[in-house]
Amino acid sequence: MSTHITFNPDEMLQIVAPDGSCHESLDPDLDATALRRLYRGMLLTRTVDIRGMILQRQGRIGFYVPSTGEEASQVGSAFALGPSDWIVAAYREPGAAYLRGLSVESFFHQTAGSGKDLLKGRQMPSHFGAKSANFVPASSPVGTQIPIATGVAWAAKIRKDPMVTLVYFGDGSTSQGDFHTGLNFAGVYRVPIVFFCKNNQWAISCPFAKQTASGCVAVKALSYGFEGVRVDGNDILAVYVATKRAVDNARAGEGPTLIESFTYRVGPHSTSDDPRRYRDDAEVARWREKDPILRYRNYLERKGLWSAEDQESLQAELDQEVDDAIESALASPPPDMETLFTDVYEIPTWNLREQLEQAMQKVGQ
Amino acid sequence: MSTHITFNPDEMLQIVAPDGSCHESLDPDLDATALRRLYRGMLLTRTVDIRGMILQRQGRIGFYVPSTGEEASQVGSAFALGPSDWIVAAYREPGAAYLRGLSVESFFHQTAGSGKDLLKGRQMPSHFGAKSANFVPASSPVGTQIPIATGVAWAAKIRKDPMVTLVYFGDGSTSQGDFHTGLNFAGVYRVPIVFFCKNNQWAISCPFAKQTASGCVAVKALSYGFEGVRVDGNDILAVYVATKRAVDNARAGEGPTLIESFTYRVGPHSTSDDPRRYRDDAEVARWREKDPILRYRNYLERKGLWSAEDQESLQAELDQEVDDAIESALASPPPDMETLFTDVYEIPTWNLREQLEQAMQKVGQ
Amino acid sequence: MPELTLLQAISQALWEEMERDERVIILGEDVGRAGGVFVLTKGFQERFGEDRVFDTPLSEGGIIGASIGLALNGLLPVAEIQFVDFIYPGFDLIVNEMAKMRYRTGGQYSVPLVIRTPYGGGIRGGHYHSQSPEAYFAHTAGLKVVIPSNPYDAKGLLLSAIRDPDPVIFMEPKKIYRAVKGDVPEDDYAIPLGKAHVVREGKDVTLIGYGAMLHTCVESAETVAREGVSCDVIDLRTILPYDLNAILTSVEKTGRLIIVHEAPRTGGFGAEIAAEVAERAFLSLESPIIRVTGYDTPFPYALEDVYLPDARAVVKAIHQSMSF
Amino acid sequence: MPELTLLQAISQALWEEMERDERVIILGEDVGRAGGVFVLTKGFQERFGEDRVFDTPLSEGGIIGASIGLALNGLLPVAEIQFVDFIYPGFDLIVNEMAKMRYRTGGQYSVPLVIRTPYGGGIRGGHYHSQSPEAYFAHTAGLKVVIPSNPYDAKGLLLSAIRDPDPVIFMEPKKIYRAVKGDVPEDDYAIPLGKAHVVREGKDVTLIGYGAMLHTCVESAETVAREGVSCDVIDLRTILPYDLNAILTSVEKTGRLIIVHEAPRTGGFGAEIAAEVAERAFLSLESPIIRVTGYDTPFPYALEDVYLPDARAVVKAIHQSMSF
Ligand SMILES: Cc1ncc(C[n+]2csc(CCOP(=O)(O)OP(=O)(O)O)c2C)c(N)n1
Ligand SMILES: Cc1ncc(C[n+]2csc(CCOP(=O)(O)OP(=O)(O)O)c2C)c(N)n1
Ligand SMILES: [Mg+2]
Ligand SMILES: [Mg+2]
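Residues numbered from 1 in each chain as written. Chains lettered and ligands numbered in written order. Predicted model: local features only at pLDDT ≥ 70, side-chain atom pairs only at ≥ 80, totals over all residues. Heavy atoms only, no water.

Enquirer: Residue-level account of the site of ligand 1, with values.
Expert: Close to ligand 1 lie 20 residues, the nearest being A:Tyr91, A:Arg92, A:Asp171, A:Ser173 and D:Glu60. Residues near ligand 1 are shared among chains A and D, making this a multi-chain site. Here A:Asp171 contributes a side-chain N or O atom positioned 2.7 Å from an oxygen atom of ligand 1. Between D:Glu60 and ligand 1, the recorded distance is 2.5 Å, taken from a side-chain N or O atom to a nitrogen atom. When the free accessible area of ligand 1 is taken as 570 Å², the share hidden by the protein chains comes to 95%. Looking at the shell around ligand 1, its residues break down into 8 nonpolar, 8 polar and 4 charged. (Near = heavy atom within 4 Å. Polar contact = N/O pair within 3.5 Å; in protein donor to acceptor, adjacent residues only side chain to side chain. Areas by Shrake-Rupley, 256 points an atom, 1.4 Å probe, with all protein chains shown as cover. Nonpolar A, V, L, I, M, F, W, Y, C, P; charged D, E, K, R; others polar.)

Below, the structure written as structure tokens:
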């Protein structure tokens, strides 16, 4: 009388083993330029992370969200998209944004809340995005991006625009009602979307096992009538292949896919968090060993596509890029006071015009 | 690489076939008193329904929600509970309420919004309930009762009280975020609850196939790590058996169950609705033939437990009971004006005391 | 010029705008096949097809969330929430996303979305089919809130709302959906958002109302006119941004102000108007501003008539104001 | 008597009440193992166990929904919403269920639930870690809304809130969690809900504040005292039901009123106070009531200091009021 559904959450797609060896039949056979671009994307993300954490500790920026350990999930998935596709993101996917053309300089202007920030200094650090990159800026409330992304994808279907939408969210966010409504609508209207869950196994201090009793995220796709896929989130090729298939399916009119990228949040939740209050260092250490960048470097080296010199010169280049970006952003003055009152509406209403005047007087005093 | 889960939504528990023949090995072997009580519960519900619809058309009550065709789902499930167990309901389970001791008279006082209504005339008709019956009165927003019921059950677990909670909701309500959060919390804390979905295949004008792409409701239990069960909702014994098992499991500490009772809303959504605007009469006719009361009567007759005379005398008794209830309710004066201002808080605040005075003046004028 | 009900005028505005602009789509519970629980979108799905008129699953969060995305990506959704009492599952998406999208993205993205929703009492709908929560939305920067009181305005305001580049909550006084009729031109006209309408001129007292209560104000003005008291009656039409100027102009003339709304008194939008007028027209006021409102209780069922402000209550307030 | 921070006082009240009454339980995101993102419930789970202190899944709707059920069935839950900015997924459950349960069940059921939640600006948290939405709750019949400004009150008010038979939203000004210290008795004392506190007496102007802004009011009063202007400073403490009597008493004395809050001006709770006072103390007012508030924008990040009302702005308002 029961549903008797069996599901093995331990099964997941892996293409590159931790030692860099590759499951040949699954290798997507990307060309060398593409393969190097993936590596650069991950290393840039890590490089920014390291500097971001330091800057915050030095008090030079107010807040930072690291994504160390999750680079493959971000970069591999974003790489599966075409330039007209949209990303609707959370706050922990800077690697996806860089890959789509958000410059590190722009990232740091956002971080600094500078006058050159595309978001006009209105959001906390790590809530980046750029329309030019088809990357909708993140907000803080977790999960809201999910039904919104469903709407974005639905609009494409209605307008017969071949674009695909990819939305990122965390394992914790799957507990929100918005996850449910967003996926349910997507299933009903079969919209061209990829739901990409970065299951990094923690939502601040809440481990995945206490987040839901389902054992995994992918199984939840069944509730909405489409496919759920689980991939090794530390294997960039697996992430890429799974996402590519989902994107192709979406574009072909076959509807949504839920991808669970199984990975680990190696760092703290944010610079405001001290994870030693709630989790074992040993667990973290085990996952540090599964570093997605190292694994992929092994793969490239085995293929003869990467050397110690390549590494050194790329790292130097990225360091320079990041240094320059930081310097520019931290030296920039904050946004003009007027910006406090613009963009509430396209045309400021009378109360905002009045309040701008008051604010000018207040500051002028 | 996919989840590859197979699930056959057509499989569901049935014990009594439409002709009244019984799957012997599954028969719960209830005694004659119990079996008759089930029949009485269904017939009472139907009898009230017929009168309720007429009263509304006559303009003697303002609104009515019929549950014709869904009597087995209501009565069979409620029968599986003990007296200390709680029901948290929607608006379409009067049969469950009667079975737990809500009198038809009390039901009609609520319908009429009379001064004798337990809810003090504060809610629309068909939003009944009584603490004495451990039946939490319904509100209109669909789905809110689900996480609330999870909390009720969770409290029992925390207080080590053996009570079980059963919560009713419709297929449409499964689309709300509250469904998701309520079931997810229940799975995480393994609370003693039965989620009872009356899938009557319509949410006003929305057919189930447009409500969700999952094919059935029971499969959604997988998202929360507990069992989903699908029963023939027009077979009162199947409903009873499935619910009893779920209740027993809950009480034994084995956590929640999601039951999908597959049935059909034979009548309009409410007296405000005209279903011919959106569905086929032929479909309704097909389901009228699957009448749960008739099927069960066939079963009882085959068992030698029911006769034409039994039917006649029971119907007469119920007609009388309903007539008396209606007469009493419609003759009762409305609640006192003071009741407009009480129960907002246990002790009225200054503004409410003031406003009561104003209202007295207004009416006194 | 044909005479239409409020409901028909709204329906006509929607229909015409869908004819004119294919980016306009409609979504909501029961709006398609069934034509809406108030039969306001009857025939729309037949005319505009299933890819412009969508029956949605039963989820206001889903409707509003998806509508934000639809609006971000090139469409002009008009989402229906069946009763405003059921809008709250989408409240987070309204307050934290819809209202802030333009601001928080530095003006890169906007949400040209209209949420239409019946509100208010008078149909014996109890707590959950009678609420008037305009004050929640009016306290939310980034939103516009519109409430028509008659067919002519309803059409013109709805057309403005759909064409507005920012999100609009369009609240429809369902009590008068069919009760109020008026001439509605068949052509395209827009009534600017943010502008009140002085529906009756007088010199003694200013009455402010909107939605169904506007008619209560007019009725009251007519009553006291017989006693020789003349009222300026202002139909606010837009709650956010509201037309403070029109109110101040009137109060500077009359010196007396009464604000009428169905929503509970405490924290209702009447408080904002009263506070602003009391500050800015301090020296013009000849008597205290009076608010005639719903009580601070959930909306009742059996005692609905006691709850709702009526002309008697407004007339009493006028007398009070005049005799201060 | 030990000196505690606001945060410690809240923590202590919770701890003591959990010791005294085993029906009190705590639930919320990160409140257990980690002890809360503000480390307010540190050590609670160790002391009271995993069946009284619960880390929940990431769902405010779930937290609030389940808490209503917990409260219906014999427990006294104290639910934490990590930042009030994230409370809206549970808004429907607050407005339609929690607030109306006693009323709509005819008094058969009640919801003795406290939702604790940090609110307000001053920590450079941008739109989503800075909001002050008290006006939404204050417009919701059936709720009580409490905002302490200092450690002593925080403890006494929280104990009252937990013991109150009705639902209470307890909003904590996180900007001053650690900045404001004060003596807090170790014993059990309750400060009644609905009573304001006159923290400073004066005769020229009445200042009303709550939460972090109370301190801005005091600072302003001290500043103008040097010029010879004396202020009554009222700490509202409870926003709903608020202590109108205390306000009227003060305004009848001073004739001048300034209300200060962080929330946006339009539709903020200051409007309610201003409207009520302008009506009831009409003849006592010597100058217009002034509201010093946040602007009608989403809460900003880089320009937070421009946004937040400060003593300069309040002093300016005092001058304006005095020179009217
Ligand atoms: C609605 C809401 N509630 C609470 C928070 C506070 N918060 C920020 S991030 C976070 C955890 C998110 O976990 P997950 O979704 O797994 O994403 P991750 O941070 O692991 O990438 C929480 C609780 C929030 N931002 N939004
Ligand atoms: C939150 C909310 N949205 C909309 C409605 C209006 N409404 C009342 S019942 C209903 C359909 C409910 O369908 P289902 O859950 O399947 O229950 P059924 O009526 O079939 O028993 C709708 C849309 C509501 N009551 N609550
Ligand atoms: Mg996570
Ligand atoms: Mg249904």
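That shown, we press on.
Enquirer: Mind laying out the coordination of the magnesium ion (ligand 4), listing which residues take part and the relevant values?
Expert: Residues and elements named next belong to chain B. Protein ligation of the magnesium ion (ligand 4) involves Asp171 (OD), Asn200 (OD1) and Trp202 (O), the donor distances falling in the range 2.0 to 2.1 Å. Every donor residue of the magnesium ion (ligand 4) comes from the same chain, spaced as D-x28-N-x1-W. Here Asn200 lies in the loop between strand E4 (193-199) and strand E5 (202-203) and Asp171 lies in the loop between strand E3 (165-170) and helix H6 (177-189), a separation of 29 residues in the sequence. As far as burial versus exposure is concerned, Asp171 and Asn200 are alike and both buried. (Donors = N, O, S within 2.8 Å, 3.2 Å for Na, K, Ca; no water. Helix = DSSP H or I, 4+ residues; strand = E, 2+ residues; numbered from the N terminus. Buried < 20%, exposed > 50% of the residue type's maximum accessible area, 1.4 Å probe, protein only.)

Enquirer: Which residues make up the packing of aromatic side chains, and what values do they have?
Expert: All names here are of chain D. The final tally for this structure, using the stated rule, is 86 aromatic pairs over all chains. Relative to Phe48, the ring of Trp15 has its centre 5.0 Å away and its plane inclined at 65°; by these criteria the two rings are edge-to-face. With a gap of 33 residues between them, Trp15 in helix H1 (residues 6-20) and Phe48 in helix H2 (residues 44-48) connect regions that are remote in the sequence. For Trp15, a relative accessible area of 28% translates into the label partly exposed. (Phe/Tyr/Trp six-rings, centres within 6.5 Å; stacked < 30°, edge-to-face > 60°.)

Enquirer: Describe the environment of D:Ser67, with residues and values.
Expert: Residue and element names in this part refer to chain D. Mapping Ser67 onto the fold places it in helix H3 (residues 60-72). You can call Ser67 buried: its relative accessible area is 0%. The residues contacting Ser67, other than those within four sequence positions of it, are Leu27, Gly62, Pro77, Ala79 and Leu113. (Contact = heavy atoms within 4.5 Å.)

Enquirer: Give me the coordination of the magnesium ion (ligand 3): which residues, what numbers.
Expert: For a metal with four tetrahedral donors the ideal donor-metal-donor angle is 109.5 degrees, whereas six octahedral donors ideally subtend 90 or 180 degrees. All names here are of chain A. Looking at the magnesium ion (ligand 3), the protein donor atoms are Asp171 (OD), Asn200 (OD1) and Trp202 (O), and they sit 2.0 to 2.1 Å from it. Written as a sequence motif, the donor residues of the magnesium ion (ligand 3) are D-x28-N-x1-W. Here Trp202 lies in strand E5 (residues 202-203) and Asp171 lies in the loop between strand E3 (165-170) and helix H6 (177-189), a separation of 31 residues in the sequence. Looking at Asp171, the relative accessible area reads 1%, which means it is buried. Owing to a relative accessible area of 8%, Trp202 belongs among the buried residues under this scheme.

Enquirer: Tell me about the interface of chain D and chain C, residues and numbers included.
Expert: Facing the 51 residues of chain D at the interface are 51 residues of chain C. Taken together, chain D and chain C are joined by 8 salt bridges. Put simply, D:Glu272 and C:Arg291 hold a salt bridge, and the shortest N to O gap is 2.9 Å. Where chain D touches chain C, the interface holds 26 residue pairs in polar contact (both at pLDDT 80 or more). Those elements that provide at least two residues to the side of chain D that touches chain C are helix H4 (91-98), helix H5 (101-104), helix H6 (134-138), strand E13 (257-264), helix H10 (269-280) and strand E14 (290-294) of chain D. (Salt bridge = Lys/Arg side-chain N within 4 Å of Asp/Glu carboxyl O.)

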